[in-house]
Amino acid sequence: MPELPEVEVVRRGLAQWVTGRTIAEVEVRHPRAVRRHLEGAEHFVAALTGRTFTATHRRGKYLWLPLAEADGTASDRALVAHLGMSGQLLVEKPDEPDEVHLRARFRFTDGGRELRFVDQRTFGGLAVEDAPGGDDVPPRLAHIAIDPLDPGFDVDAFSAALRRRHTEVKRALLDQTLIGGVGNIYADESLWRARLHGARPTDALTRAQVVDLLEGIRDVLGESLAQGGTSFDSLYVDVNGQSGYFSRHLAVYGQLDRPCPRCGTPIRREAFMNRSSYSCPQCQPRPRARRS
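Residues numbered from 1 in each chain as written. Predicted model: local features only at pLDDT ≥ 70, side-chain atom pairs only at ≥ 80, totals over all residues. Heavy atoms only, no water.

Caption draft 1: Molecular detail of empty space enclosed by the protein. Applying the stated criterion across every chain, the model contains one cavity of 30 Å³ or more. Quantified by volume, the largest cavity comes out at close to 40 Å³. Contributing to the lining of the largest cavity are Leu 14, Leu 63, Leu 65, Leu 79, Ala 81, Leu 89, Leu 115 and Leu 126. Broken down by class, the residue content of the lining of the largest cavity amounts to eight nonpolar, no polar and no charged. (1 Å grid on protein atoms, 1.4 Å probe; cavity = no way out; pocket = protein on both sides within 12 Å on 5 of 7 lines; lining within 4 Å. Points joined across faces, edges and corners; volume = space filled by probe spheres on them. Nonpolar A, V, L, I, M, F, W, Y, C, P; charged D, E, K, R; others polar.)

Written as structure tokens, this is what we have:
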């Protein structure tokens, strides 16, 4: 599933290509693409036609694009998008052939490039939702914590909240109400940089360990963002269909049996929440079981 860097790359592309453009026509090609819009596909189309995208924002792994009315006044509504596992928001020339898994299309009054929502597995989705103030976070996304790259991220509050949890540190990092945008890939990479095993109890972490972990999270997210995100296949691309290249720089995720870049020990894989965790046995020793 796309994580913070991948979604932020898409947001930046949308900011360049769709901000300030007025929607002339919306075509819903598959009902699952708008299943989160509870009023149905026809209402979704009507809510967008004639409106103008005024900005592009992201909270965690969600995107929202505030809308203006035909007269230019803010509508207090926004297009909210989640890419799911395979969703793509692509900017294409109108004469480009339709993608096999095209789910929705947006044409604009200027006749230029159109916006297409492509989703092979149909886990992603679009909806028009309330967004009071236009640029404010839509209420449905308000429970998602800000991410560590946000200037408003509070290190002390995060440290205290993390250490109050009675869980494993990797589980905590995947909790979007605690820290936004971090998924399986970047959790493993950040824990490796902080020399912590994902099963380390959060209430046993020192503040210094939390600071090191946060520094690792920020570094790996920033580096991935600079590389256009992580692409393992053709499902994740930016708005122009280009893949990211951070997969070339992954230290542990997906690197089973390859040498740890720091100590040379073969990377291990362990089962985790129906997924996999990758770590270095030498740099990230598994914590001892607590006595009951």
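Caption draft 2: Structural detail: the layout of surface pockets. What the second largest pocket holds in volume is close to 180 Å³. If you go around the second largest pocket, you meet 18 residues; those closest to its centre are His 197, Gly 198, Ala 199, Phe 272 and Ser 277. Contributions of two or more residues to the lining of the second largest pocket are made by helix H4 (169-173), helix H5 (184-193), strand S10 (268-272) and strand S11 (275-279). (Helix = DSSP H or I, 4+ residues; strand = E, 2+ residues; numbered from the N terminus.)

Caption draft 3: Looking closely at the packing of aromatic side chains. Tallying each qualifying case throughout the model produces six aromatic pairs. Each ring, one from Phe 44 and one from Phe 106, has its centre 6.5 Å from the other, and the planes form 70 degrees; the classification is edge-to-face. One end of the pair, Phe 44, is in helix H2 (residues 41-48); the other, Phe 106, is in strand S7 (residues 102-108), with 62 residues separating them in the sequence. Seen in terms of ring centroids, Phe 153 and Phe 158 are 5.5 Å apart; in terms of plane orientation they differ by 50 degrees. Their pairing is tilted. Each of the two residues, Phe 153 as well as Phe 158, counts as buried. Members of the aromatic cluster, joined through ring pairs, are Phe 44, Phe 53, Phe 106 and Phe 108. (Phe/Tyr/Trp six-rings, centres within 6.5 Å; stacked < 30°, edge-to-face > 60°. Buried < 20%, exposed > 50% of the residue type's maximum accessible area, 1.4 Å probe, protein only.)

Caption draft 4: Geometry of the environment of Gln 176. Mapped onto the elements, Gln 176 comes out in the loop between H4 and H5. Counting along the chain gives 31 residues from Gln 176 to Ala 145, while the straight-line C-alpha distance between them is 6.0 Å. Excluding anything up to four places from it in sequence, Gln 176 contacts Lys 61, His 143, Ile 144, Ala 145, Gly 181 and Val 182. (Contact = heavy atoms within 4.5 Å.)

Caption draft 5: Inspection of the environment of Arg 164 at higher detail. Inspection of the secondary structure puts Arg 164 in helix H3 (residues 155-164). Since its relative accessible area comes to 58%, Arg 164 is described here as exposed. Through-space distance from the C-alpha of Arg 164 to that of Phe 153 is 18 Å; in sequence the pair is eleven residues apart.

Caption draft 6: Geometry of the sheet that holds S7. Ordered in space as S1-S7-S8-S6, the four strands form an open sheet in which the pairing is antiparallel. The outermost strands of the open sheet, each flanked by one partner alone, are strand S1 (23-28) and strand S6 (87-92). Across the sheet, the axes of successive neighbouring strands diverge by a mean angle of 15 degrees, strand direction being ignored. Bridge analysis of S6 against strand S8 (residues 114-119) gives six bridges, and the strand direction is antiparallel. Bridge pairing links Gln 88 to Val 118 in S8. Packed onto the sheet, H2 meets S1 and S7 and runs at close to 165 degrees relative to S1. (Pairing = 2+ DSSP bridges. Axes fitted to C-alpha atoms, helices over the stretch in contact; angles between N-to-C directions.)

Caption draft 7: Highlighting the packing of H5 against helix H6 (residues 207-226). Their axes nearest at 8 Å, the elements H5 and H6 cross at an angle of 130 degrees. Here H5 is positioned oblique relative to H6, judged by the angle of their axes. Two packed elements cross with a definite hand, and for H5 against H6 that hand is right-handed. Contacts between H5 and H6 involve Tyr 186, Glu 189, Ser 190, Leu 191 and Arg 193 on the former and, on the latter, Leu 213, Gly 216, Ile 217, Asp 219, Val 220, Leu 221, Glu 223 and Ser 224. (Parallel < 35°, antiparallel > 145°, perpendicular 65-115°, else oblique. Left-handed = near helix turned anticlockwise from the far one by under 90°.)

Caption draft 8: Layout of the packing of helix H1 (residues 4-17) against H6. Where H1 contacts H6, the axes come no closer than 9 Å and their chain directions differ by 40 degrees. As far as their axial angle goes, H6 and H1 are oblique. Crossing angle aside, the handedness with which H1 passes H6 is right-handed. Along its contact with H1, which presents Leu 4, Pro 5, Glu 6, Glu 8, Val 9 and Arg 12, the element H6 presents Leu 221, Ser 224 and Leu 225.

Caption draft 9: Highlighting the pairing of S11. Relative to S11, S10 is paired through five bridges, and the arrangement is antiparallel. Residue Arg 269 lies in a different strand from S11, and its bridge partner there is Tyr 278. Here S10 folds back onto S11, and the loop between the two strands holds two residues, one of which, Met 273, carries a positive phi near 50 degrees.

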